[in-house]
Amino acid sequence: MQRTQVGIIGSGPSGLLLSQLLERAGIESVVLERRSRDYVLGRVRAGVIEQGVVAILREAGVAARLDREGLVHHGVEIAVGEQRQRIDFASHTASLVVYGQTELTKDLMEARAASSAPLFEVEDVVVEGIEGTRPRLRYRHLGTEHALDCDFIAGCDGFHGVSRKAIPANVLKTHERVYPFGWLGVLADAPPVSPELVYARHERGFALCSMRSATRSRCYVQCALDADLAKWSDARFWDELRARLPTALAAGLQDAPSLEKSIAPLRSFVAEPLRHGRLFLAGDAAHIVPPTGAKGLNLAVRDVHQLAQAFVAHYSERRDHLLDGYSATALRRIWRAERFSAWLTSVLHRFPGQTSFDRGMQLAELDQLVNSAAARAAFVEAYTGSQP
Ligand SMILES: Cc1cc2nc3c(=O)[nH]c(=O)nc-3n(C[C@H](O)[C@H](O)[C@H](O)COP(=O)(O)OP(=O)(O)OC[C@H]3O[C@@H](n4cnc5c(N)ncnc54)[C@H](O)[C@@H]3O)c2cc1C
């Protein structure tokens, strides 16, 4: 029988970072991951990181490369048809850093490999005994059954993981909105069309021009939920993106072969409570936001930072007030990010069956956003995560 203080399910950003923060505080953990190391490292996902989250990554000792290579942004562009408006963060003393989740995962993996690497390709993880004082994780690895006794279990296993399902149905409440469209994303070695992110609302549907570096673009177009990836050649993708951008911007867009191309559905989801007995949920296991607000990764990092502080208080001060308050405190922050992400999604996308009144509302919201100083300040607070 193995033993650890905190058993962590999942080696996405939340599981890896939690394990890293705990180790720096002298708390032992074991990370169990069902996929291979290469699979986890190959996933292309988020890329926009809040300053407060950068500070947490520095505290964890994993921000050296991010500080060297991350692109600091002081503004974002909103395009509505041919109209382009820049929202300046600097006047609100906020900023964001563009650095791919893939790179962050690599940095976290390297930090963990130096001491206690996750156990990859673990099968059939079962969560047991969370209502008692000795929770246990059972799993199979290389054909052999194992059991890991823990003081606590952290469910960092994403939306489709097992941890949330371990909370009894009469305790767990879930809140969900599924959007009637998806995002088709392409990663390509083409210089970004603009030095800052461009969010475009267009009659053909939403588009986003983002980037991973000065030479690598990450771009998206809103697509049907049942869109067939095989029917989206690279040429069709770039033509569709060009059609949704203001003419001057579209003229500068360079086509390049896709390095990765995928369709992601959009969902808003919150589970509560985030604690049941000795099980704690963090990151995508606890909540999902549509990617429009760039909040998914940022929320995950803030969750595990809060959780790590709660474990530190438990082990070094014998105080459980932070563990007891974890769910309520995190949920307040999570619901605010949910609100922002759902709102931004609702004003920028074309919804099936949208009426001319709905369209008028969207345009009025965006008009208010770009032309009211108060609305811009509220947007910058929420988008950069700098709200109190
Ligand atoms: C396709 C896609 C695109 C995205 N794009 C953006 C974006 O542009 N901007 C943004 O902010 N956010 C984006 N996100 C969200 C962001 O990537 C997530 O919020 C972030 O990855 C959350 O990290 P996590 O560690 O909580 O979960 P995950 O990254 O999902 O990690 C969970 C880990 O747990 C493992 N796991 C699952 N079940 C088990 C099990 N039973 N046993 C063991 N291990 C298990 C999984 O293999 C995975 O490695 C995107 C997400 C997806 C899926």
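For the structure given in this document, a descriptive report is provided here. What you see is a predicted model; the values in this text were computed from it and never measured.

## A closer look at helix α11 (residues 373-384)
End to end, α11 covers 16 Å across twelve residues, agreeing with the expected 16 Å (1.5 Å per residue, within 8%). Among the residues of α11, Ala375, Phe379, Val380, Ala382, Tyr383 and Thr384 are the ones counted as buried. Immediately downstream of α11, the backbone of Gly385 shows phi near 70°, a positive value.

## Quick look at the sheet that holds strand β15 (residues 258-272)
Pairing is mixed in the open sheet, where eight strands are placed in the order β6-β5-β12-β13-β14-β11-β15-β18. Both outer strands of the open sheet, β6 (83-88) and β18 (287-288), are each paired with one neighbouring strand and no more. Direction of pairing for strand β12 (residues 198-201) relative to strand β13 (residues 207-211): antiparallel, over a ladder of three bridges. Bridge pairing in β13 links Val198 to Cys209. Contacts between helix α10 (residues 356-371) and the sheet are confined to β5 (75-80), β6 and β12, with β5 contributing the most and set at about 145° to the helix.

## With respect to the pattern of salt bridges
Note that side chains of opposite charge can pair when their charged atoms are close. One pass over the full model with this rule turns up 32 salt bridges. Between Arg84 and Glu77 there is a salt bridge whose closest N-O contact spans 2.5 Å. Of the charged contacts, one joins Glu317 and Arg319 as a salt bridge, the two residues approaching to 3.4 Å between their closest N and O atoms. Each of Arg65, Glu69, Glu103, Lys106 and Asp107 takes part in a single network of salt bridges with overlapping partners.

## Quick notes on the side chain of Arg164
On the secondary structure map, Arg164 appears in the loop between β10 (144-155) and β11 (173-188). Of the side chains bearing the opposite charge, Asp157 lies closest to the buried Arg164, which forms no salt bridge; the N-O distance is 6.7 Å. Each residue touching Arg164, except ones within four places of it in the same chain, is listed here: Gly158, Phe159, Leu172, Phe269, Ala271, Leu281, Asp284 and Ala285.

## A word on the site of the ligand
Surrounding the ligand, one finds 28 residues, the nearest of these being Ser14, Glu33, Arg43, Gln101 and Asp284. For the ligand, an oxygen atom lies 2.6 Å from a polar atom in the side chain of Glu33. In isolation the ligand offers 1,000 Å² of accessible surface; the protein chains occlude 86% of this area. For the shell around the ligand, the elements supplying multiple residues, two or more each, are α1 (13-24) and α8 (296-317). Among the residues forming the shell around the ligand, the class breakdown is eleven nonpolar, nine polar and eight charged.

## Quick word on helix α3 (residues 51-59)
Taken residue by residue, α3 has Val53, Val54, Ile56 and Leu57 as its buried positions. Buried residues of α3 fall within an arc of 160° about the axis and therefore sit on the same side. The inward-facing, buried residues of α3 abut α1, β3 (48-50), α4 (64-69), β7 (96-98), α5 (101-113) and α8. Positioned one or two residues after α3, Gly61 has a phi angle of 75°, which is positive.

## Thoughts on the sheet that holds strand β4 (residues 71-73)
If you trace the three strands from one edge of the open sheet to the other, you get β3-β7-β4, paired in antiparallel fashion. The sheet is open, and its two borders are formed by β3 and β4, each paired with just one other strand. Neighbour-to-neighbour, the strand axes of the sheet open up by a mean angle of 35°, direction not taken into account. In the sheet, β3 pairs with β7 via three bridges, with the strands oriented antiparallel. Each bridged residue has a counterpart across the sheet, and for Glu50 the counterpart in β7 is Leu96. α3 contacts β3 and β7 of the sheet and is inclined by roughly 80° relative to β3.

## Details of the state of the cysteines
What the rule picks out here adds up to zero disulfides. Its sulfur unpaired, Cys150 is 12 Å from the next cysteine sulfur, which belongs to Cys156. Here Cys219 stays unpaired: no disulfide links it, and the sulfur of Cys209, its closest cysteine neighbor, is 4.5 Å away.

## Considerations on the packing of α3 against α8
Put simply, α3 and α8 touch, their axes get as near as 10 Å, and they point 50° apart. With respect to α8, the element α3 is oriented oblique. With respect to the hand of their crossing, α3 and α8 are arranged in left-handed fashion. On α8, the residues that touch Gly52, Val53, Ile56 and Glu59 of α3 are Asn298, Val301, Arg302 and His305. Classifying every residue of the contact of α3 with α8 by side-chain character gives three nonpolar, three polar and two charged.

## Here's the deal with the nonpolar core
Grouped together as the largest cluster of nonpolar side chains are 64 residues, with contacts concentrated most on Leu17, Leu18, Leu57, Leu137 and Phe311. The element that contributes the greatest number of residues to this core is α8, accounting for nine residues. Dropping the residues within four chain positions of it, Leu18 is found in contact with Ile8, Ala154, Cys156, Val304, Leu307 and Ala308. Membership of the second largest hydrophobic core comes to 31 residues, among which are Leu197, Tyr220, Phe340 and Phe379.

## Overview of the environment of His175
Tracing the backbone shows His175 in strand β11. The partly exposed category is assigned to His175, whose relative accessible area is 29%. Placed 118 residues apart in sequence, His175 and Leu57 show a C-alpha to C-alpha distance of 30 Å. If we ignore the near neighbours within four places in the chain, the residues touching His175 are Ser268, Phe269, Val270, Glu272 and Trp335. Side-chain polar atoms of His175 contact the side chain of Glu272, separated by 2.7 Å.

The rules behind each value
- Residues numbered from 1 in each chain as written.
- Predicted model: local features only at pLDDT ≥ 70, side-chain atom pairs only at ≥ 80, totals over all residues.
- Heavy atoms only, no water.
- Helix = DSSP H or I, 4+ residues; strand = E, 2+ residues; numbered from the N terminus.
- Expected span 1.5 Å × (residues − 1).
- Buried < 20%, exposed > 50% of the residue type's maximum accessible area, 1.4 Å probe, protein only.
- Pairing = 2+ DSSP bridges.
- Contact = heavy atoms within 4.5 Å.
- Axes fitted to C-alpha atoms, helices over the stretch in contact; angles between N-to-C directions.
- Salt bridge = Lys/Arg side-chain N within 4 Å of Asp/Glu carboxyl O.
- Lys, Arg positive; Asp, Glu negative; His and termini not counted.
- Near = heavy atom within 4 Å.
- Polar contact = N/O pair within 3.5 Å; in protein donor to acceptor, adjacent residues only side chain to side chain.
- Areas by Shrake-Rupley, 256 points an atom, 1.4 Å probe, with all protein chains shown as cover.
- Nonpolar A, V, L, I, M, F, W, Y, C, P; charged D, E, K, R; others polar.
- Arc of directions from axis to C-beta.
- Disulfide = S-S within 2.5 Å.
- Parallel < 35°, antiparallel > 145°, perpendicular 65-115°, else oblique.
- Left-handed = near helix turned anticlockwise from the far one by under 90°.
- Core = buried A, V, L, I, M, F, W, Y, C linked by side-chain atoms within 4.5 Å.

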